[in-house]
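# Overview (structure and organization)
In case you want the letters, here they are:
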There are 2 protein chains.
Amino acid sequence: MSLFRPEIDRIAGYAPGEQPQEAGWVKLNTNENPYPPSPRVVAAIEQAARGRLNVYPDPLATQLRRKAAEAYGVGPEWILPANGSDECLTILLRSFVGPGELVAYPYPSYVLYETLAEIQGGSHARLPLNADWSWDHARCEPIVRRSKLALVPNPNSPSGNRWSDDEVAALVPPHGVLVIDEAYAEFGDEAAGPRLLHSALGGRFVVTRTLSKSYSLAGVRMGFALAHPDLIAGMRKVKDSYNCDTLSIAAALAALDDPAWMLQNREKIRATRARLSQSLRDLGFHVVDSRANFVWATRPQGGHRGIYEALKARKILVRYMRYPDVANAPGGAIDGLRITVGADAEIDALLAALREIG
Amino acid sequence: MSLFRPEIDRIAGYAPGEQPQEAGWVKLNTNENPYPPSPRVVAAIEQAARGRLNVYPDPLATQLRRKAAEAYGVGPEWILPANGSDECLTILLRSFVGPGELVAYPYPSYVLYETLAEIQGGSHARLPLNADWSWDHARCEPIVRRSKLALVPNPNSPSGNRWSDDEVAALVPPHGVLVIDEAYAEFGDEAAGPRLLHSALGGRFVVTRTLSKSYSLAGVRMGFALAHPDLIAGMRKVKDSYNCDTLSIAAALAALDDPAWMLQNREKIRATRARLSQSLRDLGFHVVDSRANFVWATRPQGGHRGIYEALKARKILVRYMRYPDVANAPGGAIDGLRITVGADAEIDALLAALREIG
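Right, let's walk through the structure included here. Source: prediction; values computed, not measured.

## Some words on the packing of aromatic side chains
The geometry of an aromatic ring pair is captured by the separation of the ring centres together with the interplanar angle, meaning the angle of the planes. All chains considered together, the criterion is met by 22 aromatic pairs over all chains. Ring plane angle 35 degrees and centroid distance 6.4 Å describe the contact between Y308 of chain B and Y320 of chain B, whose orientation is recorded as tilted. Of this pair, Y308 of chain B sits in helix 12 (residues 304-313) while Y320 of chain B sits in strand 11 (residues 316-324), placing them 12 residues apart in sequence. Accessibility assignment for this pair places Y308 of chain B and Y320 of chain B in one class, buried. By way of ring pairs, the aromatic residues Y105, Y107, Y110, Y113, W296 and Y323 of chain A are connected into one cluster. Its guanidinium or amino end placed over the ring of Y107 of chain A, R126 of chain A lies 3.8 Å from that ring's centre, counting from NZ or CZ. Between the NZ or CZ atom of K268 of chain A and the centre of the ring of Y35 of chain A, over which it lies, the distance is 4.1 Å.

Okay, here's the thing in structure tokens:
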């Protein structure tokens, strides 16, 4: 007899991404920023480490909410800081999804949403996308109508495309909440979130942001949910009292205090992204126009898994992804390579290897 | 129409403890360790801050699990590190408690368990204690029998007493799991957890530990669930992928690497606890023999809230606690003062103030 809830027994265990611990790898598989965080972040952590670690952090992270409010263009009471935007997603599912309630999300995108729905005892449905990553609105609409929570990464992963505000706003469930997961927002030309939050439907949106990607702080775990204060107040009841620690709060404050550093890295990444995209196209790949810090590359003749393996043999890690059950795809599945936009030398190594592999 | 789950609407919002931000307070209300963490912790954080914060932490915290395994006397596969032992509790509730299932816990103790049960849509029941904080086994037994999860802080709060292994082992639900919340274990004479884990019933226990109290790291958020590997494997499916960050992992590794520092502070706290307990008794208080870093003080004539307020007026914070619905208590409720064992100078200030207040 299992002691676990049946939902927990049913889901698969967590499979950590490939994180080789030894040196010498070109790591383009988990969308980390290749550049270090601002030196102000390092100084702030060092100062906090010499401070009072024996006392609890501020449970409401008041100072950080004020700083994030400036950065994201909302009031402090519109912000819930969390232990990475992963924790924002967990809090959202626990806040809004009861047993049997429906979670909808575009497919292919971030399949973690399914696991989170299953842990809650909820059900889930996939919102179909067209082959060019646009919405199949006619088929989405009846699913959205039944949903308690719809989750849309924008820009999307693995594709890297970004949908317009109007397209996303059409996905608000009439009896639920739409979450716009903006993990990669800073790499696009504009971020949708704050503007939609101030729209007539603003009380039905939650936008999630993270410092992991653009601010080079994947190791620190700091994400934010942005939403109407009524939604934030309810979500706050669900979070652990001290979900953000003293060091992460200090790091996040310093990072948000130095947007110029982040923007400089962002520009480098965008320039490298353009070069990577063009070079991949020259090599015969189809590459979606990316608004994120990765690109989605496919070849008409396929063979993506073989390329992934040949790259890995050369100590270059990219992400091979395969999505079964895609209705409009030839063979019922799509697969391809999701490649993080690394530093220029890393991308040079990748391109040289791809030319060799042929 | 609320968009939240009805369970979330029903629970009260989180009321942060009193955490005055300005200087000059003697803070004896949240059981923090008055002494700083090991200098090795500070050095390890500084080194990690200058390391690779742009990449994700190890999702399984492999190195830390190895170190914690040595410290707690179990194998690494018996350990789940988490964002404070609060997160361990949240993961436990999400792993084992489905809608309508029963959570039992001794009363008076840590009422957070009720909130966590309510968030899960579970129910909860209080295991009655006698006036001397011993178990009313006859009345507990039928409740335990119906429980999916029983949670027992040992040492208990607010009382500070510690129950024997045998008493605690009697509370394993026949169809569920017993969680022994050992947040304060290091301040007692022996810790029950590891020994019970290796007993015949070991597969039915989860022990939680924290570095917040004994290791002076409340600001860093690091807790551990210790349990049979089958239980840990299931709980791991529920946790967020990167629930522990790079800096916390580095801090925890360094802290566990310097047990002598912790033990030295523990001895100081135990000596101060003895002096505080005796002095309070001399002042006419009843004080439970404490195995934790706080004491529970009551006076036959009551007036505890007034003492709390008079102390607060002198910038000394202790915790006034009141528990309604205690069957065996005169008036149906008990109240008292939970006083953290601070540094000697802080305790001197407290005792002087109490003598003044009279």
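Additional details are given in the paragraphs that follow.
## A few points about the sheet that holds strand 5 (residues 149-153) of chain B
The strands making up a sheet are joined through hydrogen bonds of the backbone, oriented either antiparallel or parallel. Residues and elements named next belong to chain B. The sheet built from 7 strands is open, its strands ordered 2-8-7-6-5-3-4 with mixed pairing. At either margin of the open sheet sits one strand with a lone partner, and together these are strand 2 (79-82) and strand 4 (123-128). Neighbour-to-neighbour, the strand axes of this sheet turn through a mean angle of 20 degrees, independent of strand direction. One ladder, built from 4 bridges, connects strand 2 with strand 8 (residues 223-227); its direction is antiparallel. Counted as the bridge partner of L80 is A225 from strand 8.

## A look at the pairing of strand 7 (residues 205-210) of chain A
Residue and element names in this part refer to chain A. Of all the 6 residues making up strand 7, 6 are buried; the element is thus mostly covered by neighbouring parts of the structure. Of the two faces of strand 7, the one lined by F205, V207 and R209 and the one lined by V206, T208 and T210 are each fully buried. Relative to strand 7, strand 6 (residues 177-181) is paired through 4 bridges, and the arrangement is parallel. Residue pairing for strand 7: L178 is matched across the bridge by F205. Direction of pairing for strand 7 relative to strand 8 (residues 223-227): antiparallel, over a ladder of 5 bridges. Paired with V206 across the two strands is A227, which belongs to strand 8.

## A look at the interface of chain B and chain A
The figure often quoted for interface size is the accessible area lost as the parts come together. Residue-level contacts link 71 residues of chain B with 71 residues of chain A. Together, the buried faces of chain B and chain A total about 6200 Å²; carbon and sulfur atoms form 58% of this surface. When residues of chain B are sorted by the area they lose upon contact with chain A, L3, Y56 and K237 of chain B head the list and together hold 13% of the total. Inspection of the region where chain B meets chain A yields 2 salt bridges. Ionic pairing is found between E46 of chain A and R50 of chain B, a salt bridge with its closest N-O pair at 2.7 Å. Between chain B and chain A we count 34 residue pairs in polar contact (both at pLDDT 80 or more) in total.

## Quick look at unusual backbone geometry
Here the amide bond leading from S157 of chain A into P158 of chain A is cis, since omega sits at 15 degrees, within 30 degrees of zero. Within the secondary structure, P158 of chain A is located in the loop between strand 5 (149-153) and helix 7 (165-169). If you check the backbone angles, W133 of chain A has positive phi at about 70 degrees while not being a glycine. Even without glycine at this site, R221 of chain B takes up a positive phi of about 65 degrees. With respect to the helices and strands, the residue R221 of chain B is situated in the loop between strand 7 (205-210) and strand 8. Look at R221 of chain B and you get buried, because its relative accessible area is 3%.

## A short note on empty space enclosed by the protein
Scanning the model with the defined rule gives 7 cavities of 30 Å³ or more in all. Mapped by element, the contributors of at least two residues to the lining of the largest cavity are helix 4 (85-96) of chain A together with helix 4 (85-96) of chain B. Grouping the constituent residues of the lining of the largest cavity by class yields 4 nonpolar, 2 polar and 8 charged. Reported here for the second largest cavity is a volume of approximately 90 Å³. Lining the second largest cavity, in full, are R5, P99, I119 and Q120 of chain A together with R5, E7, P99, I119, Q120 and G121 of chain B. Of the residues belonging to the lining of the second largest cavity, the class tally is 4 nonpolar, 3 polar and 3 charged.

## A closer look at the relation of the copies chain B and chain A
The two copies are related by a screw operation: chain B maps onto chain A through 180 degrees of rotation and 0.0 Å of translation along the axis, at an RMSD of 0.0 Å. Each copy turns onto its partner about a two-fold axis. Taking the C-alpha atom as reference, chain B places E46 of chain B closest to the rotation axis, 2.6 Å from it. With an isologous cut-off of 70% or more, the 100% of interface residues of chain B that recur at the interface of chain A puts this contact in the isologous class.

## Details of helix 12 (residues 304-313) of chain A
All names here are of chain A. For helix 12, every residue scored as buried is listed here: H304, I307, Y308, A310 and L311. Seen along its axis, helix 12 keeps its buried residues to an arc of 165 degrees; they face one direction. Against strand 10 (294-298), strand 11 (316-317), strand 12 (319-324), strand 13 (333-340) and helix 13 (344-357) lie the buried residues of helix 12. Taken from the residues just after helix 12, K315 is the one with a positive phi, measuring 60 degrees.

## Details of the environment of V111 of chain A
Examined against the element boundaries, V111 of chain A turns out to sit in the loop between strand 3 (102-107) and helix 5 (112-119). Separated by 191 residues in sequence, V111 of chain A and G302 of chain A have C-alpha atoms that sit 23 Å apart.

## Details of the state of the cysteines
Residue and element names in this part refer to chain A. Enumeration over the complete set of coordinates arrives at 0 disulfides over all chains. As a non-bridged cysteine, C88 has C244 as the owner of its nearest cysteine sulfur, 8.4 Å distant. For C88, a relative accessible area of 0% translates into the label buried.

## Quick look at the sheet that holds strand 6 of chain A
All names here are of chain A. The 7 strands lie next to each other as 2-8-7-6-5-3-4, forming an open sheet whose pairing is mixed. This sheet does not close on itself; its edge strands, each paired only once, are strand 2 (79-82) and strand 4 (123-128). Each strand of the sheet is rotated relative to its neighbour by a mean of 20 degrees, with strand direction disregarded. Packed onto the sheet, helix 5 meets strand 3, strand 4, strand 5 and strand 6 and runs at close to 155 degrees relative to strand 4.

Basis of the calculations
Residues numbered from 1 in each chain as written. Chains lettered and ligands numbered in written order. Predicted model: local features only at pLDDT ≥ 70, side-chain atom pairs only at ≥ 80, totals over all residues. Heavy atoms only, no water. Phe/Tyr/Trp six-rings, centres within 6.5 Å; stacked < 30°, edge-to-face > 60°. Helix = DSSP H or I, 4+ residues; strand = E, 2+ residues; numbered from the N terminus. Buried < 20%, exposed > 50% of the residue type's maximum accessible area, 1.4 Å probe, protein only. Lys NZ or Arg CZ within 6 Å of the ring centre and 35° of its normal. Pairing = 2+ DSSP bridges. Axes fitted to C-alpha atoms, helices over the stretch in contact; angles between N-to-C directions. Contact = heavy atoms within 4.5 Å. Buried area = accessible area lost by both parts, 1.4 Å probe. Salt bridge = Lys/Arg side-chain N within 4 Å of Asp/Glu carboxyl O. Polar contact = N/O pair within 3.5 Å; in protein donor to acceptor, adjacent residues only side chain to side chain. 1 Å grid on protein atoms, 1.4 Å probe; cavity = no way out; pocket = protein on both sides within 12 Å on 5 of 7 lines; lining within 4 Å. Points joined across faces, edges and corners; volume = space filled by probe spheres on them. Nonpolar A, V, L, I, M, F, W, Y, C, P; charged D, E, K, R; others polar. Least-squares fit on C-alpha atoms with pLDDT ≥ 70 in both. Arc of directions from axis to C-beta. Disulfide = S-S within 2.5 Å.

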